[in-house]
Amino acid sequence: MSVQGNEIEIFENQDDSFFDKYLNEVLYLFENSQTDVIVFEDMDRFEMNRIFERLREVNTLANIQLAKQQSGKTLRFFYLLRDDVFVSKDRTKFFDYIIPIVPVVDGTNSYDQFIEHLNKNDLTEKFEKKFLQGISLYIDDMRLLKNVCNEFLVYYHRLNTTELNFNKMFAMITYKNLFPRDFSDLQNGQGYIKSLFDHKDIFILSEREKILDQIAAKKEEIEACKSEQLVDVSELDIIKSNKYAATNSYPYNLRRKDYDDWVNNVYPVRKAAIQNKLNGRLSVLETELIALELQLAKLDSRQLKDIINRENRQTIFHTPTVNEVGDKSDYKEIRGSDYFALLKYLVGEGYIDDTYADYMRYFY
């Protein structure tokens, strides 16, 4: 297509968009609009820069046509975009002028924004301060903050019940706004959150094995303390010196092997046992053993948040799902989200927990 000597390729291939196919109509719309400015929002969701090239061409063609009509009007395109839409200096190819926008809300002031919105309806006191402070660290978008607060108010007034835990209900609404597709999957008994809690038995089994290993090690430590006859580490060091001297006798290799095995495996155990006796730690060890056994006994009744710890956190939140036909899902869309950390916080702190079904029924 050519307009006043300026050409633009409309049909590059059979898969060209409707935008290209109806370019004449697009140009006509812009040329005859009763405005000098067109504002484009949320275009970063398309995750493709080529659309800005085409819009720049359309803007140029529209202004050429307006100049031909001697309307005296210049049409300008404005784009509201995140900084990370472009890499390096790419964005200078598409835009003549870039204006930075200072965010209204970020992790440092979103707590105050939450309080302000909730105070309007006298709801602040119904939430734990710790919960609002924690969730605010991850919210850096004013629209998201308003959407979550407003949606909570809708459900709050509609349900008219005091039986719900407000923190958990707010957490579910936050999850619904952040990951609407997974929320919909959860309603159908699928998705990432469903998979996370479905794997709870596997996580418990793994924790049980760790606790059993700790119990076995603690019992050995207690038995070593009880059976140790020496009363000072210096006595043990004398035995060590004698054993080393014995390595010079025949056969040397066999003696040396026995000595190395004793130094590496027996000596540290007996030294720890002597020190435990000297420091009166036997009763402490027995108390620690009781605590581990109690922990093991309560393991099956623990919630997911009580199972998550620093050692297994990465494994739990990155466990893939394999469905009945063997298809594997890594939930990369969720784990790659900027708000995945917030979702982990909500689950890890128990605001989304094993009772999520009690709250899901209000969204049907």
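Description of the structure in this document. Fair warning: this is a prediction, and the values are worked out from it, not measured in the lab. (Residues numbered from 1 in each chain as written. Predicted model: local features only at pLDDT ≥ 70, side-chain atom pairs only at ≥ 80, totals over all residues. Heavy atoms only, no water.)

### Topic: helix α7 (residues 166-178)
Now for step 1: Between its first and last C-alpha, α7 extends 18 Å over 13 residues, near the 18 Å set by a 1.5 Å rise per residue.
Now for step 2: Across the 13 residues of α7, eleven count as buried, placing the element largely inside the fold.
Now for step 3: Regarding α7, the residues found buried are F166, N167, K168, M169, F170, A171, M172, I173, T174, Y175 and L178.
Now for step 4: Where α7 starts, the residue carrying a side-chain oxygen 2.9 Å from the main-chain nitrogen of N167 turns out to be N165. (Helix = DSSP H or I, 4+ residues; strand = E, 2+ residues; numbered from the N terminus. Expected span 1.5 Å × (residues − 1). Buried < 20%, exposed > 50% of the residue type's maximum accessible area, 1.4 Å probe, protein only. Polar contact = N/O pair within 3.5 Å; in protein donor to acceptor, adjacent residues only side chain to side chain.)

### Quick look at the environment of G350
Now for step 1: Within the fold, G350 resides in the loop between α17 (340-348) and α18 (356-360).
Now for step 2: As for G350 and K168, which are separated by 182 residues in sequence, their C-alpha atoms are 8.2 Å apart.
Now for step 3: Ignoring anything within four residues of it in the chain, the contact list for G350 reads K168 and K305. (Contact = heavy atoms within 4.5 Å.)

### Details of unusual backbone geometry
Now for step 1: Phi angles above zero are rare outside glycine, and D122 is one such case at about 55°.
Now for step 2: Along the polypeptide, D122 turns up in the loop between α4 (110-119) and α5 (129-136).

### So, the pattern of salt bridges
Oppositely charged side chains are able to pair whenever their charged atoms sit close together.
Now for step 1: Tallied over the entire structure, the rule returns 18 salt bridges.
Now for step 2: In this structure, E57 and R54 form a salt bridge, with 3.1 Å as the shortest nitrogen-oxygen distance. Of this pair, E57 and R54 both sit in helix α3 (residues 50-68), three residues apart, which is roughly one turn of the helix.
Now for step 3: On the basis of relative accessibility, which here comes to 33%, the residue E57 falls in the partly exposed class.
Now for step 4: Given a relative accessible area of 6%, R54 falls into the buried group.
Now for step 5: In this structure, E286 engages K226 in a salt bridge whose closest nitrogen and oxygen atoms are separated by 3.6 Å. Taken as a pair, E286 in helix α13 (residues 282-297) and K226 in helix α10 (residues 200-227) lie far apart in primary sequence, 60 residues in all.
Now for step 6: Its relative accessible area of 30% is what places E286 among the partly exposed residues.
Now for step 7: Each of the salt bridges in this network shares a partner with another, and the network as a whole consists of K218, E221, R281 and E288. (Salt bridge = Lys/Arg side-chain N within 4 Å of Asp/Glu carboxyl O.)

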